[in-house]
Amino acid sequence: MLQFLVDTLLRASDLALIALGLSMVYGLVKFPNIAHVQYAMFGAYVTYAMHASGVPLVLAIAISCAVTGALTLGLHLLVFRRLLRAGPAIAMIGSLAVAMLVVAFMQGFAGSFPRMFNLPLTEPILIGEARVTATQLYFVGTTVVLLLLFAMLLFFTRTGRAMRALASNPALAAASGLNAEGITRGVAFASGAIAGLGGSMLALSTGAHINLGYDLLLPVFAAAILGGLGNPLGAVAGALLIAATETAVTNIDFGGLVGGDPLFMPVAYISAASFLILLLALLFKPYGLFDREVRRV
Amino acid sequence: MTFKMHSFYAATALLGTLSVTPVVQAQETVNMGAVLSLTGANATVGEDVRRAVMLAVDKVNADGGVLGKKFGVIVEDSGGNPTTALNAARKLASVDKVPVVIGEYSSGITLPMAQYLVKEGVGHINVASTSTKVRELGASSFNLIGLENLGNQFSAADTWALGYRKVAMIAPNNAYGQGVAHGFKQEFEKLGGKVVTELLYTAGQSTYRRELQQVSRSAPDAYIYTAYGQESAVLNREAYELGLRKSPWYAILLSMSLSDTPANIANGQLGMEVGNVYGDAGKAYQAAFNAKYKEGTKTSYTGYAYDAVLMTAAAMNKAKSTDTDKVQAALKDLGKGGYVGVTGPIVFDAERQRIDPPYAKLKYDGKVVPR
């Protein structure tokens, strides 16, 4: 049971930060940015490059966050702000093009070989019957702290209130004198930095590789849509739900039903399970699980 | 009509003379072709094989060349892409008019490329692809390397000999992985063993913890796996973290499976692979490779490429011609027995497939070493 929780948490942390940023930006600009997962891939490579050239890991990740945030902000100002004038559908297609450009650029620059971090191997820590490594504890810890900070920012500060106002009714928010452009820029930077952080931490175990972004695309979007696009903390809940479903499906022993030998669902169905949940959610709760007073999609 | 046909023949003959004559005059070198993955995901393999090919060219020329002329191999890059490989093969066959082309690396590229060459009647020698479909390529295709069915027999016998009876099988959920998982299971069960779990994992996930834990529940004697470098690095790290390495791990194609895994995690794994070098000729080849490139071979495929080039040169000399049909006939003749390459004796069966191709038992001890 404990192992189940640990596995769910680890998988959820892989997705949570990136889904959070995606949903947060969606709330303000109202288009799903497909390139968002590629910022995570970009961040992973920047961290690798810094770490390989001798920068301590934590500093390398911090630099990578700043660089990725700057890239996100730059793309927002130069590309997406203009595309948005033509409508969200155009902006989404544009973001697909940007995603491919980022991948092509990284492939040209870093090559197609995966870059594995050269980290010391630590013995896993036993918590009950569950095994986790120190790196994973830091990873989950960082994610949780960041999510708490973000929730506090969103619900207990003026900036947070302004962000929520802008997300739920841009016209009214602008009429009340909110600096919409300033907030959007801030959020774009922050979402990029968080994606860079998520990608970097992910790369500590999987290595920085060119498909890192594409591999995240479907689960991250599923989590964000499940939570209701535009609802950042909903995206985190979506990530948790997807992780829990995937973990449950792979670990339930159906052997008892047919008597005798352990019998598990083939792992090829692992992602099908989470998309079944997504499909059911879209059928019955099309505006996300946390659809309350505001329609978000 | 007759007149027209005559003029057609005359024109063709004239064209033929025009195009052939300068080539014959300029042909100071006798060439064969190679299509290798010099760029792209398998660039390491491609470059390694290219070095072996160049070493073979040096060797042939040091021994007097071919038909009294200088010998060369025209190397083209496949970019790890079937279309590029096909274009390269087309160029080699129709512009350079080489009698024999070797290559590529991955089966998905070798098969369409070789089908084209066979259709054109040009000789093809497979030096690295292990799909069983290679056997079905047809009349002008030769194969030097052990295909998957033989590989599965070898790894099943090897793991059985190591004392494993109840094993878990881990492979990617694609044509290659399913082929290996299915083939290994068949061979292993013939010997009396049992595959208790079969895990066909989805490529490109950030974690395989859930899958690995599912497998571990069946408490196997050993884990038999095959995986691509980067995914394998995640699998191996997580298997280590979850304590699954307390049971032995055996990799089918060990150096591919461990190429991106840190040494401290990889240590102690056993495995197999196609054989690389054999006997004194093999040792001499490795020494020459080391001397020329200041480092050893990185993959097991170089020996096959080296043999393919030397054998083609020998066939040209034997046929006293560079005509592809005559060279192919000479290759078949050489393959009747008695030809020994750096990968061991090369004998072809009726379908031009090597009989008893070599395999190696390996382990990881700081690097991949024989066991």
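The structure this text deals with has already been given above.
Here's a quick rundown of the structure. Worth saying up front: this structure is predicted, and the values here are computed from it rather than measured.

Here's the deal with the interface of chain A and chain B
Thought 1: Contacts between the two partners involve 30 residues from chain A and, on the opposite side, 30 residues from chain B.
Thought 2: Secondary-structure elements contributing two or more residues to the side of chain A that touches chain B are α1 (2–29), α8 (180–206), α10 (232–251) and α12 (270–284) of chain A.
Thought 3: The dominant element in the side of chain A that touches chain B, judged by the number of residues it contributes, is α1 of chain A, at 5 residues.
Thought 4: A per-class count over the side of chain A that touches chain B returns 12 nonpolar, 12 polar and 6 charged.

As for the environment of V79 of chain A
Thought 1: The residue V79 of chain A is located in helix α3 (residues 57–84) in this model.
Thought 2: Residues contacting V79 of chain A, with those up to four places away along its chain left out, are G94 and V98 of chain A.

Considering the packing of helix α9 (residues 212–226) of chain A against α10 of chain A
Residue and element names in this part refer to chain A.
Thought 1: At their nearest, the axes of α9 and α10 sit 7 Å apart, and the two run at 120° to each other. One finds that α9 runs oblique with respect to α10. Pair α9 / α10 crosses with right-handed handedness. Along the contact surface, α9 presents P219, A222, A223, A224 and L226, while α10 presents A235, G238, A239, L241 and I242.
Thought 2: Along the lines of polarity and charge, the residues of the contact of α9 with α10 split into 9 nonpolar, 1 polar and no charged.

Quick look at helix α5 (residues 148–161) of chain B
Residue and element names in this part refer to chain B.
Thought 1: The end-to-end C-alpha distance of α5, which contains 14 residues, comes to 20 Å, matching closely the 20 Å that a straight helix rising 1.5 Å per residue would cover.
Thought 2: The complete set of buried residues in α5 reads E148, L150, G151, N152, F154, S155, A156 and T159.
Thought 3: Taken together, the buried residues of α5 touch β6 (166–172), α6 (175–190), β8 (222–225), β9 (249–252), β10 (270–274) and β13 (359–364).
Thought 4: Phi turns positive one or two residues past the end of α5, at G163, with a value near 100°.

Here we look at unusual backbone geometry
All names here are of chain B.
Thought 1: Cis geometry marks the peptide bond from G103 to E104; its omega dihedral reads -20°.
Thought 2: A positive phi angle is found at A219, which is not glycine, with a value near 45°.
Thought 3: With 12 C-beta atoms packed within 10 Å, A219 lands in the exposed category.
Thought 4: Of note in the backbone geometry, R352 takes a positive phi value of approximately 60° without being a glycine.
Thought 5: Along the chain, R352 turns up in the loop between β12 (344–345) and β13.

Remarks on the pairing of strand β3 (residues 100–103) of chain B
Residues and elements named next belong to chain B.
Thought 1: Burial along β3 is two-sided: V100 and I102 and V101 and G103, pointing in opposite directions, are all buried.
Thought 2: As paired elements, strand β1 (residues 29–36) and β3 share 3 bridges and run parallel to each other. Note that in β3 the partner of G33 across the bridge is V101.
Thought 3: Note: β3 against strand β4 (residues 123–126), 3 bridges, orientation parallel. Its bridge partner being in β4, I102 is matched across the sheet by I125.
Thought 4: As for the winding sense of the linkage, the β-α-β connection from β3 through helix α4 (residues 107–119) to β4 is right-handed.

Some points on α8 of chain A
Residue and element names in this part refer to chain A.
Thought 1: The first and last C-alpha atoms of α8 sit 38 Å apart over 27 residues, in line with the 39 Å expected at 1.5 Å per residue.
Thought 2: Among the 27 residues of α8, 21 are classified as buried, and the element is accordingly described as predominantly covered.
Thought 3: Where α8 terminates, the next one or two residues include G207, which has phi positive at roughly 85°.

Describing the nonpolar core
Thought 1: Membership of the largest hydrophobic core comes to 193 residues, with the highest contact counts inside it found for A19 and A239 of chain A together with A305 of chain B.
Thought 2: Tallying contributions element by element places α1 of chain A first for this core, with 15 residues.
Thought 3: The contact partners of A305 of chain B, leaving out residues within four places of it in the chain, are V49, A52, V53, I102 and V127 of chain B.

Section: the sheet that holds strand β2 (residues 70–77) of chain B
All names here are of chain B.
Thought 1: Reading across from one edge, β2-β1-β3-β4-β5 is the order of the 5 strands in this open sheet, with parallel pairing throughout. Only two strands of the sheet have a single neighbouring strand rather than two, namely β2 and β5 (141–143). Strand-to-strand twist across the sheet, computed as the mean angle between neighbouring axes with direction ignored, equals 25°.
Thought 2: Contacts from helix α3 (residues 82–94) reach β1, β2 and β3 within the one sheet, and its direction differs from that of β2 by about 155°.

Re the environment of L212 of chain B
Residues and elements named next belong to chain B.
Thought 1: Looking at the element boundaries, L212 is found in helix α7 (residues 209–216).
Thought 2: Judged by C-beta crowding, with 23 C-beta atoms within 10 Å, L212 ranks as buried.
Thought 3: As a C-alpha pair, L212 and G192 span 20 residues in sequence and 25 Å in three-dimensional space.
Thought 4: Not counting residues up to four positions away in its chain, the partners in contact with L212 are E238, A239, L242 and L244.

Focus on the environment of L280 of chain A
Thought 1: With respect to the helices, strands and loops of the structure, L280 of chain A is situated in helix α12.
Thought 2: Along the chain, L280 of chain A and L226 of chain A lie 54 residues apart, while their C-alpha atoms are 9.8 Å from each other.

Criteria and cut-off values
- Residues numbered from 1 in each chain as written.
- Chains lettered and ligands numbered in written order.
- Predicted model: local features only at pLDDT ≥ 70, side-chain atom pairs only at ≥ 80, totals over all residues.
- Contact = placed C-beta atoms within 7 Å.
- Helix = DSSP H or I, 4+ residues; strand = E, 2+ residues; numbered from the N terminus.
- Nonpolar A, V, L, I, M, F, W, Y, C, P; charged D, E, K, R; others polar.
- Axes fitted to C-alpha atoms, helices over the stretch in contact; angles between N-to-C directions.
- Parallel < 35°, antiparallel > 145°, perpendicular 65-115°, else oblique.
- Left-handed = near helix turned anticlockwise from the far one by under 90°.
- Expected span 1.5 Å × (residues − 1).
- Buried ≥ 20, exposed ≤ 12 C-beta atoms within 10 Å, placed from the backbone.
- Pairing = 2+ DSSP bridges.
- Right-handed = clockwise from strand over helix to strand, strands pointing away.
- Core = buried A, V, L, I, M, F, W, Y, C linked by C-beta atoms within 7 Å.

Purely geometric stuff here, so don't read any function into it on its own.
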